[in-house]
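# Topology and contacts: notes
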Amino acid sequence: MIFEVFRQEKKGQAFAHAGSIEAPDAAFADAWAREQYGRRGESAALWLVPRDAVHQVNDWADEFDLKYRRVDGYSIKGRLKEARERASSTAPVDR
Amino acid sequence: MSANAAREQEFLEYVQSGGQVESTDWLPADYRQKLIKFIEMHANSELMGVLPEREWILKAPTLQRKLALTAKVQDEVGHAQLIYRVAEDLGKPRDEMFADLLSGKAKFHNVFHYPTKTWGDVGVIAWLVDAAAIISQKALLKCSYAPYARIMKKICWEESFHILHGRDVVLAMMTGTPEQQELVQEAVNRWWGPLMQFHGNPIAREEDPMYLWRIKSQGNEEARQQFLEGYVPQIWELGLTVPDSNLGRGDDGVWVYSEPDWAELKSVVTGHGPRSQERLDFRRRFLEQEKWVRDSLVAA
Amino acid sequence: MNERAQLLLSIADDELIIGWRDSEWTGIAPTLEEDVAFSSIAQNEIGHARALYELAATELGSDADALAFDRAPEEYRCAQLVELHLLEWAHTIARRYLYEEADRVRLGALKESADSELAGVAAKIDREEVYHRMHAELWAARLRDESRFREAVEELWPYALGVLPQELRPELARRTGLSVDSTQAIERGTHTPELAELWQEMTEVRRSIPGAQW
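The text that follows walks through the structure, step by step, so that each part is easy to find. The residue numbering used here restarts from 1 in each chain and proceeds along that chain's sequence as written. Think of it this way: whatever chain is written first is A, whatever ligand is written first is 1, and the rest follow in order. Reporting in this predicted model follows two pLDDT cut-offs: at least 70 for local features of residues, and 80 or more for side-chain atom pairs to be given and counted; totals over whole chains, interfaces and linings ignore these cut-offs and use all residues. Hydrogens and water are ignored here; the side-chain numbers use all heavy atoms of the structure.

### Observations regarding the environment of E88 of chain C
Residues and elements named next belong to chain C. As a reminder, the rule being used: Runs of H or I in DSSP of at least four residues are treated as helices and runs of E of at least two as strands, each being numbered from the N terminus. With a 1.4 Å probe rolled over the protein chains alone, any residue whose accessible area is under 20% of its type maximum counts as buried; one over 50% counts as exposed, and the rest are partly exposed. Within 3.5 Å is the distance limit for a polar contact, defined as a pair of N or O atoms, with the added protein rule that one can donate a hydrogen and the other accept it, and that residues adjacent in sequence qualify only through two side-chain atoms.
Here E88 lies in the loop between α4 (80-83) and α5 (89-111). The exposure class of E88 is partly exposed, given its relative accessible area of 22%. Taking the C-alpha atoms as reference, E88 lies 17 Å from L195; in sequence the two are 107 residues apart. Within the local environment of E88, its side chain forms a polar contact with the backbone nitrogen of A90, the two atoms lying 3.0 Å apart.

### Here's the deal with the interface of chain A and chain C
What counts here: Contacts are residue-level and defined by heavy atoms, with any inter-residue pair within 4.5 Å sufficient. The term buried area means the drop in 1.4 Å probe accessible area that two parts suffer when joined, counted for both and summed. The term salt bridge refers to a pairing of a side-chain nitrogen on Lys or Arg with a carboxyl oxygen on Asp or Glu at a separation within 4 Å.
Between chain A and chain C, the contact holds 12 residues from the first and 11 residues from the second. Summing the contributions of chain A and of chain C, the shared interface buries around 1,000 Å²; its carbon and sulfur component is 70%. Summed over the three residues of chain A that lose the most area to chain C, namely F28, W32 and R34 of chain A, the buried surface amounts to 53% of that side. Our enumeration of links across chain A and chain C arrives at one salt bridge.

### Here we look at the layout of surface pockets
Put simply, the rule reads: Residues are said to line a cavity or pocket when one of their atoms sits within 4 Å of a point; the points come from a 1 Å grid over protein atoms alone, cavities being sets where a 1.4 Å probe fits but cannot get out and pockets being open sets with protein on both sides within 12 Å along at least five of seven lines. Grid points are joined across faces, edges and corners, and a volume is the space filled by probe spheres set on the points. Ten residue types, Ala, Val, Leu, Ile, Met, Phe, Trp, Tyr, Cys and Pro, are classed as nonpolar, four, Asp, Glu, Lys and Arg, as charged, and the remainder, Gly among them, as polar.
Estimates place the volume of the second largest pocket at around 1,200 Å³. As for the second largest pocket, its lining consists of 32 residues, of which E4, H17, A18 and G19 of chain A together with R150 of chain B are closest to the centre. Elements supplying a minimum of two residues to the lining of the second largest pocket: β1 (2-8), β2 (16-22) and α1 (26-38) of chain A together with α3 (63-89) and α6 (146-174) of chain B. Considering each element in turn, the lining of the second largest pocket owes the most residues, six residues, to α6 of chain B. In terms of residue class, the lining of the second largest pocket is built from 12 nonpolar, nine polar and 11 charged.

### Considerations on the nonpolar core
Put simply, the rule reads: Take the buried Ala, Val, Leu, Ile, Met, Phe, Trp, Tyr and Cys residues and link them wherever side-chain atoms come within 4.5 Å; each set so joined is a nonpolar core.
Y145 of chain B together with L16 of chain C are the most contacted members of the largest nonpolar core, which has 180 residues in total. In terms of residue count, helix α5 (residues 119-139) of chain B provides more of this core than any other element does, 12 residues in total. Once you skip the residues sitting within four places of it in the chain, Y145 of chain B turns out to touch V21, E22, S23, L27, Y31, L35, I39, V86 and L90 of chain B.

### So, the side chain of H162 of chain B
Residues and elements named next belong to chain B. Locating H162 in the fold gives a position in helix α6. In this structure H162 comes out as buried when scored by relative accessible area, which is 0%. Apart from residues no more than four positions distant in its own chain, H162 is found in contact with K72, D75, E76, H79, A126 and D130.

### Regarding the pattern of salt bridges
With the rule as written, the count across this model stands at 57 salt bridges over all chains. We note a salt bridge from E158 of chain B to R39 of chain A, for which the minimum N-O separation is 3.7 Å. Of the two residues, E158 of chain B is situated in helix α6 and R39 of chain A in the loop between α1 and β3 (45-50); the pairing between them involves two chains. Both residues of the pair, E158 of chain B and R39 of chain A, count as buried. In this structure, E137 of chain C engages R104 of chain C in a salt bridge whose closest nitrogen and oxygen atoms are separated by 3.0 Å. With a gap of 33 residues between them, E137 of chain C in helix α6 (residues 116-143) and R104 of chain C in helix α5 connect regions that are remote in the sequence. With a relative accessible area of 22%, R104 of chain C lands in the partly exposed category. Three or more residues are tied together by salt bridges with common partners; here these are E4 and R51 of chain A, R85, E88, D89 and R94 of chain B together with E33 of chain C.

What follows is the structure, given as structure tokens:
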């Protein structure tokens, strides 16, 4: 069985893929991965996931402009300038 | 241009512009084949590289050295595991790689075909052979094949400990008795030739198929120059000499040296080194002896 | 030498020599994955030996390296179980399994010791041994149906008894399910020729230039 190994470097951090390990079962995988990916104290925790359990999604249809959902879809500079000018030329609002 | 050729050309341009690919991506057949060959040789080198140093684990002269050397050799085995796994995912089973190694079909690095004669070799190997290796391995951090590039981070991190361990062993001896200093000098003399051959002949990188596919990101001579620039001053500062009277740094910053013995390199890596067959026999002995264990792991 | 120093040295020597034997697998274990795990165990055992030698060294006015390397082979106090040259996996695992069980019993007793320094080191060692026991049990379970493994356990059982003092042996027998009554233990105090061979190799570099620092 091949297990994908995810390693958390410090508590609180995200688990990142570190590699894989082949083992006859989960118990051997634990024993082996513990040493292969953590013997220097470089890992706070490991996740071992059977490779078969990992599903990849890597195809995205992005044919039309979808930027309205992202910050790079907005350019407010010009409008902001105009709004500020307009605000300063009218009577001050009572605050 | 056929559809396949166009696709391959597109792939080539992609990797040449710094792009990286994953195991699930489409890979040109030639790329996959070159990649497996390169990665397999790297894995074989880690695996065979443990043998020259392993002998000294049992002779280490202090508890601290014993622990550090065991940890270093353990790292090399761990690297072999990581690298073989990457090659396996490209489609070549580990048993097949072991078989090709033992039959001589697949190669391993020249430096691991030589004997280790004294504790001086232990220091010099960990310091200088690992230094030469880390230069190649750092360049692989940019390898176009991402799964291989990624494991290189862990490998380089561990190799830095090896170099420091080696340097510490050497420093202990260089600040020790005259006999100890002599052991280090003799080891440098023994390893210099193989070290200069290590990065390979100075083929222009554009003509190197491994560079073409961006499996490697630097040329052989670039790597050798980096090694000389980084380590010759470190060797000299300890009062050690390098057995090459032509060695020196030119005003342009380029190191000059005597032509390495390329015939020796070729002969050694094709299995005719002083310890090539002995080491392969040793490896074969334990692979065969413990086959029942691997079978019992697969069985249940 | 007082009793405390003798006890410390016998445990330290056990750990040193089994660590040395186990480290012989580094680079040639049955699988690469196991190789990495097994090397860690070897290092841990050597580390335990060092901690115990350090305790003994304060008592004896020596240092850990001198105690580990600079005694004559006959001065070592290790049990014969750890001396045997067993570069074969069934025997190696049989020894690891039996040694870990014996060590568990021994550490259990030491942790209760009135000698707080020793009890403290024993507790620290035991925290690492947890993983060694998991490893040994994993393998023992996996190889249980292999006749060569069962034979190796039987063959090494008299040696395993010799690791422990008389009063702790029934507990070891209970844990392993093997018999203490019908078995003549191979006692500590004499050595196999294999220890002298190991010592020759282990001290070769150190003896080559007397007094040198490495």
